[in-house]
Amino acid sequence: MSRFEIKMPKLGESITEGTIISWSVKVGDVIKEDDVLFEVNTAKVSAEIPSPVAGRILEILFKEGDTVAVGTVVAIVNMDDEDEDEAPLSTSSEEKKESSSSPAAETPAQELPLAKAVKTEEERWYSPVVLQLAREAHIQQQELDTIPGTGYQGRLSKKDIKHYIAQKQKGTASIAVPKAASQPVSTESPKQQPVSQPAPQPAPQSVAPQPAKPATVTSSSEGVEVKEMDRVRKMIADHMVMSKHTSPHVTTLVEVDMTKLVKWREAHKDAFFKREGVKLTYMPAITEATAKALVAYPQVNVSVEGYNILYKKHINVGIAVSQNDGNLIVPVVHDADRLNLSGLAISIDALAAKARVGKLTGDDISGGTFTITNFGTFKSLFGTPIINQPQVAILGVGVIEKKPAVIETPEGDVIAIRHKMYLSLSYDHRVVDGSLGGNFLYFIKNYLENWNE
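K.L.:
Explain the packing of helix α8 (residues 283-296) against helix α9 (residues 341-356) to me, and be specific about the residues and the numbers.
P.N.:
As a packed pair, α8 and α9 sit with axes 9 Å apart at the nearest point and diverge in direction by 115°. In terms of crossing hand, the pair formed by α8 and α9 is right-handed. Seen from α8, the contacting residues are Met283, Pro284, Ala285, Thr287 and Glu288; seen from α9, they are Leu341, Leu344, Ala345 and Ile348. Taken together, the residues of the contact of α8 with α9 break down into seven nonpolar, one polar and one charged.

K.L.:
Tell me what's going on with the pattern of salt bridges, and back it up with residues and numbers.
P.N.:
Close approach of charged atoms lets side chains of opposite charge pair. One pass over the structure, following the stated rule, counts twelve salt bridges. For Lys234, the salt bridge goes to Glu228, with nearest N and O atoms at 2.7 Å. Assessed through its relative accessible area of 31%, Lys234 is described here as partly exposed. With relative accessibility at 46%, the residue Glu228 sits in the partly exposed group.

K.L.:
So what's going on with helix α11 (residues 434-449)? Which residues, and what values?
P.N.:
Taking 1.5 Å of rise per residue, the 16 residues of α11 would be expected to cover 22 Å, and the 22 Å separating its terminal C-alpha atoms lies within 8% of that figure. Within α11, the full set of buried residues consists of Leu436, Gly437, Phe440, Leu441, Ile444, Lys445 and Leu448. Buried residues along α11 sit against β11 (249-257), α7 (259-276), α8, β18 (370-374), β19 (393-397) and β21 (412-428).

K.L.:
Tell me about the sheet that holds strand β1 (residues 3-7), residues and numbers included.
P.N.:
The sheet built from four strands is open, its strands ordered β1-β8-β6-β3 with antiparallel pairing. Of all strands in the sheet, those bounded by a partner on one side alone are β1 and β3 (30-31).

K.L.:
So what's going on with unusual backbone geometry? Residues and values would help.
P.N.:
Of the consecutive residues Gln389 and Pro390, the connecting peptide bond is found in the cis state with omega at 5°. In this fold, Pro390 is placed in the loop between β18 and β19. For Asp34, which is not a glycine, the phi torsion comes out positive at approximately 80°. Along the chain, Asp34 falls in the loop between β3 and β4 (36-41). With relative accessibility at 56%, the residue Asp34 sits in the exposed group.

K.L.:
Before we move on, could you go through the nonpolar core and cite the residues and values that matter?
P.N.:
By size, the foremost hydrophobic cluster in this structure holds 73 residues, and its most contacted members are Phe38, Val74, Phe370, Leu395, Leu423 and Leu448. Residues Val130, Leu133, Ile147 and Ile161 belong to the second largest nonpolar core, which totals eleven residues.

K.L.:
With reference to specific residues and values, describe the packing of α8 against α11.
P.N.:
Look at α8 against α11: their axes get within 9 Å of each other, and the N-to-C directions meet at 135°. When the axis of α8 is compared with that of α11, the two are oblique. Two packed elements cross with a definite hand, and for α8 against α11 that hand is right-handed. Residues Ala285, Ile286, Glu288, Ala289, Thr290, Lys292, Ala293, Leu294 and Ala296 of α8 pack against Phe440, Phe443, Ile444, Tyr447 and Leu448 of α11. Broken down by class, the residue content of the contact of α8 with α11 amounts to eleven nonpolar, one polar and two charged.

K.L.:
Tell me about the pairing of β18, residues and numbers included.
P.N.:
Of all the five residues making up β18, four are buried; the element is thus mostly covered by neighbouring parts of the structure. The sheet contact formed by strand β14 (residues 317-319) and β18 spans three bridges and is parallel. Among the inter-strand pairings, Ile319 is bridged to a residue of β18, identified as Ile372. Relative to β19, β18 is paired through four bridges, and the arrangement is parallel. Each residue of the ladder has a partner; that of Thr371, found in β19, is Ile394.

K.L.:
Give me the lowdown on the environment of Val241, citing residues and values where you can.
P.N.:
Mapped onto the fold, Val241 is located in helix α6 (residues 231-246). Given a relative accessible area of 48%, Val241 falls into the partly exposed group. A sequence separation of 145 residues divides Val241 from Ile386, and the C-alpha atoms of the two residues are 9.3 Å apart.

K.L.:
Describe the packing of aromatic side chains, listing the residues and the values that go with them.
P.N.:
For the structure shown, the criterion picks out seven aromatic pairs. Measuring from ring centre to ring centre gives 6.4 Å for Tyr297 and Phe440, while their planes differ by 75°; the resulting arrangement is edge-to-face. Of this pair, Tyr297 sits in the loop between α8 and β12 (302-305) while Phe440 sits in helix α11, placing them 143 residues apart in sequence. The exposure class of Tyr297 is partly exposed, given its relative accessible area of 21%. With centroids separated by 5.6 Å and ring planes inclined at 70°, the aromatic side chains of Phe382 and Tyr422 adopt a geometry described as edge-to-face.

Basis of the calculations
- Residues numbered from 1 in each chain as written.
- Predicted model: local features only at pLDDT ≥ 70, side-chain atom pairs only at ≥ 80, totals over all residues.
- Heavy atoms only, no water.
- Axes fitted to C-alpha atoms, helices over the stretch in contact; angles between N-to-C directions.
- Helix = DSSP H or I, 4+ residues; strand = E, 2+ residues; numbered from the N terminus.
- Left-handed = near helix turned anticlockwise from the far one by under 90°.
- Contact = heavy atoms within 4.5 Å.
- Nonpolar A, V, L, I, M, F, W, Y, C, P; charged D, E, K, R; others polar.
- Salt bridge = Lys/Arg side-chain N within 4 Å of Asp/Glu carboxyl O.
- Buried < 20%, exposed > 50% of the residue type's maximum accessible area, 1.4 Å probe, protein only.
- Expected span 1.5 Å × (residues − 1).
- Pairing = 2+ DSSP bridges.
- Core = buried A, V, L, I, M, F, W, Y, C linked by side-chain atoms within 4.5 Å.
- Parallel < 35°, antiparallel > 145°, perpendicular 65-115°, else oblique.
- Phe/Tyr/Trp six-rings, centres within 6.5 Å; stacked < 30°, edge-to-face > 60°.

Put into structure tokens, the structure is as follows:
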């Protein structure tokens, strides 16, 4: 018998563990290569894990809801074709008991049982995959809350929502009737969220899960409500504090005349959209300028380990994206210096779209060597961003505004209306001095001001 071990993958550079949200297979199932085995959630992404081999599932070593360290074996596959009819090596008594007494086993496949309303957000967490399927099937949040789940602690799995949609299309799905909109909502009712918004991610569950904590706690002080951070926000908070403790931050600021680039974009954006199928924004041009600067100043494309400086051979630019749940994630454009403007625009658009629906993979968020964050999206003039460790610099982009400016001409100085933007560079003063940071930032400014694509 040829056995293959399925291990918990590393879905990101700083990820050390993942929580198994749902299994798409069971012991004894015959699978093909690339069939989805399970869905895993980390602090940064939710992802479906495909099988690298074909065969039969012999063992499943962890349950839904278990948090597992990266590299740990979670399942075993028999790859021998002649052993396909062989019985599973081992099935725990607990699994046998669950399979014989679970509601899913007792319920006929053609009909779903009525579901009870849940009480807290922790009891009814939806993965991005489930939310995407619900949105495509035009299932509203109130209806989604009534669909029974067979996953960990009653969670709705991908298999559950697909089965429900299929039964609904046949007219055989049975759901609980939601309360009328005009009826007062009890304080124990779940907080309603649009289906398009990913729900707060729960903290990792241990093998013996503890009772869920209340999502909201009202303090003794009148007019103050205390809410615990969700898992992603906790990770962001820890990462930001760690960065400030690790790197002595310095921020340099320049004003950029974007007039040439603004006029060029206005003249080419329609043709670009027809040709490439994506909108032409300013971010591809800014990313191109940044990649060129990193080539010119490789001392900024580094990381630090103790007293050693690690020079990176690849220029991988991360671009911060706000997700629908209000959290922040940084997908990475790999080898940005090797892409032309069209390639950058397509890559940035695809990564941003995947980020907003929680479809980023581990490769999409790993390997970044420099980060850009766009304050201009929120109409901010500039900011002093915190370095995304283990990188040593981050570029902040402000909003583009029309301003009067003094222009030098052969006939003398004149005042004209120009499109202006602030760029800010925060850098690690352990390895980037003021002269290097200033020259790097001026390179980007000069590249954008003399745009001639």
